[in-house]
Structure formats: structure tokens, C-alpha cells
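What follows is each chain in one-letter form.
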Amino acid sequence: MNTQFKKGLLDLCVLSILSHEDCYGYDIVNKVLEYMEISEGSIYPLLRRFKKEDYVSSYLQESDEGPPRKYYKITTLGREAYEDLLKDWNDFQNSINRLLEKEATNDQR
Amino acid sequence: MTRDNYIKKLQNYLRKLPQSEIEEITYEINMHFEEAIKAGRNEMIVADALGHPKRLASAILLEYDVSQLSSDNTALDKFLLIMRIIGIGFKNIIVAPFLLTIGLIVFSIYLIVFSFYLMGGTFVVAPIIKYIAPAIVSTGPIPLMLYPVIGLVVLLVTKKLHQLLSKYSSGIINYLIKYVKVDYKKLTL
């Protein structure tokens, strides 16, 4: 998939993941990787930006072994941003679909 | 690349950031390795999958630069602010043409204002220069004592223009900042 396109969607994907449950960085990376190919590092600058924009907060939690994990939790502001992005995405998807359908019917003639 | 090597390189690329920020990022990337190795992955493969440390660092630095922009929004020195916006533009090829164009237009208008200040100033001191070094000043048909008067008028008009420019360039600068903020999201990695 086109990289520029993916970058824009990564915000939406990560917010969606966090809207279901709190996650730590590596967990988010794996969840995204199930659906699309990304450079694993790209999640971290994104999480830092989300934190600065108050879309997420973070807290440390002890894990079974090794150092404590840093969990990210979506904020109210983050949820609002998620709803907005989701709406944008749906609108975009709908209009592209309409365009593709129209072109397909034109081709048949 | 080994884990230690990766982190060392990343820290080196990030050295202009405050220490606390570097530590935060290091913790996060270290944890990434930790979890991946726990899951049975080879550390070399993990380092590869993370993307080159330089790329990761530039995404973090870009994000840092943009967040800094908003914090000194009220900076009096608009000149430097414009240069920084142009600088951020340079780091990314996509916003660069737009930012460079607008940035350089504002920049050149500032240069014009500056040259008018210079001209006014030179006119004001023309009689003094004439007195010190008569050879380099040729006043033509205009009486010498009229020069400081013209110079003062030029300075006053330029000052007025400068004020107007400051007022309007704030608008342009705010717009640029907004533009960078919206657009840079697509650029991080």
C-alpha cells in the first residue's frame, strides 16, 4: 500500500486499538502489524505526538519479568479525535467507492 | 545491528533533545527489544524491523521541532521563527516547496524593509559623510541639507511599513505553523 496513505491511517488505527483497551508500545505494534505492514519504529514518534496532544496518557505497570511496561490510555480528547478521524475515513471511503462504481458502469457501456 | 548498537546510534542522532526526552525514548525502544526478545525474536531482526535509527530519530526530531514551534508562538523575533519554519520545511521534501515559497517571500519583504532603513539612514548621515570624505558623496542637483529631511521621511514611512508587515506576517506565520502541524503528521516515518 502507498506509504503516505498508510501514515495517515496509522493515527486512526492506533486510536482505534487504544479505544478498546490500554496497551503498551510493543503490543500496539503487533496489533497494527496483524493488518498492515509498517516499520515497527513508526509507532513511537506517533505515541509521543499523541501524548503531547493529550490524546493519550501513560502509566507504568509491573510485568511478570523485566522492567515495568509503559501503558498508554486514551483520553476524552483522544476519543473525540478518533471519532473525527473515523468520520473522515468513512466519508472518504464512501466517496471513493461511489467514484469507482460510477467508473465501472461507464466502462460497461 | 545489535540492540546496544541500535540504541547508541539512536541516542547519538537525538543528542540535541533534552536529556529527559532522550531517556524516555530510550526506555521505550529498550522495552521494545525486551518484549521482542521475550517473544523469541532475534535482536538483529528486531533492529531491522524498527527501521534505521536515523530514520526513527528524524521522525522524533521533526515531531519535537513542530511541538517547539507552538510553545514560542509569541516570539518577538519573527525573523528567526520564519527561518525555523523554513528549516522544518527543508527536512521534508513534501512541505518544502510550499514553505520555502511563502517563507522566502516574507523573508525578502523583510530584506526590502531593511534596505529602506539603510537608505533612510544613509540619507540622514549624508552631510556628515560629505564632510568627512567629500570624494565619495555626489549630491547632484539636490541641496545637501535636503538629504537628511528626505532620509527622515523615508525612515518614518519605512517604520510604518514595518509595523504593517509585522502585523500581517503574524497572520502568515500562524497560518504556516498551522499548516506544518497538519501536514507533518503524514511525514513522521
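Scroll up a little and you will see the structure.
**A closer look at a negative patch on the surface**
On the surface, Glu80, Glu83, Asp84 and Asp88 of chain A cluster together into a negatively charged patch. Residue placement: Glu80 of chain A occurs in helix H4 (residues 76-108).

**Section: the interface of chain B and chain A**
Size of an interface: often given as the accessible area lost when the parts come together. Contact residues are listed per partner, giving 30 residues for chain B and 26 residues for chain A. Both faces considered, chain B and chain A share a buried interface measuring about 2600 Å² in area, 51% of it formed by carbon and sulfur atoms. Our enumeration of links across chain B and chain A arrives at seven salt bridges. Between Glu24 of chain B and Arg48 of chain A there is a salt bridge, and its shortest N-O distance comes to 3.9 Å. At the junction of chain B and chain A, the tally comes to twelve residue pairs in polar contact (both at pLDDT 80 or more). Those elements that provide at least two residues to the side of chain B that touches chain A are helix H2 (19-38), helix H3 (43-50) and helix H4 (53-71) of chain B. Among the elements that make up the side of chain B that touches chain A, the one with the highest residue count is H2 of chain B (twelve residues).

**Quick look at the packing of helix H1 (residues 3-13) of chain B against H2 of chain B**
All names here are of chain B. Two elements in contact, H1 and H2, have axes separated by 11 Å at closest approach and are oriented at 160 degrees. Between H1 and H2, the angle is such that the two are roughly antiparallel. For the element pair H1 and H2, the recorded crossing hand is right-handed. Touching Arg3, Tyr6, Ile7, Leu10 and Gln11 of H1 are Ile22, Ile25, Thr26, Ile29, Asn30, Phe33, Glu34 and Ile37, all from H2. Along the lines of polarity and charge, the residues of the contact of H1 with H2 split into eight nonpolar, three polar and two charged.

**Focus: the nonpolar core**
Counting residues in hydrophobic clusters, the biggest one holds 45 residues, and the most contacted among them are Val14, Ile28, Val32 and Ile43 of chain A together with Leu14 and Ile29 of chain B. A per-element tally of this core places helix H1 (residues 3-20) of chain A first, with seven residues. Among all residues touching Val14 of chain A, those that are not within four sequence positions of it are Ile28, Val32, Ile43, Leu46, Leu47 and Phe50 of chain A.

Reading guide: rules and limits
- Residues numbered from 1 in each chain as written.
- Chains lettered and ligands numbered in written order.
- Predicted model: local features only at pLDDT ≥ 70, side-chain atom pairs only at ≥ 80, totals over all residues.
- Heavy atoms only, no water.
- Patch = residues over 30% accessible without salt bridge, like charges linked within 9 Å, V, L, I, M, F, W, Y side chains within 5 Å.
- Areas by Shrake-Rupley, 256 points an atom, 1.4 Å probe, with all protein chains shown as cover.
- Salt bridge = Lys/Arg side-chain N within 4 Å of Asp/Glu carboxyl O.
- Lys, Arg positive; Asp, Glu negative; His and termini not counted.
- Charge placed at Lys NZ, Arg CZ, Asp CG, Glu CD.
- Helix = DSSP H or I, 4+ residues; strand = E, 2+ residues; numbered from the N terminus.
- Contact = heavy atoms within 4.5 Å.
- Buried area = accessible area lost by both parts, 1.4 Å probe.
- Polar contact = N/O pair within 3.5 Å; in protein donor to acceptor, adjacent residues only side chain to side chain.
- Axes fitted to C-alpha atoms, helices over the stretch in contact; angles between N-to-C directions.
- Parallel < 35°, antiparallel > 145°, perpendicular 65-115°, else oblique.
- Left-handed = near helix turned anticlockwise from the far one by under 90°.
- Nonpolar A, V, L, I, M, F, W, Y, C, P; charged D, E, K, R; others polar.
- Core = buried A, V, L, I, M, F, W, Y, C linked by side-chain atoms within 4.5 Å.
- Buried < 20%, exposed > 50% of the residue type's maximum accessible area, 1.4 Å probe, protein only.

Scope: geometric values only; no functional claims are made or implied.
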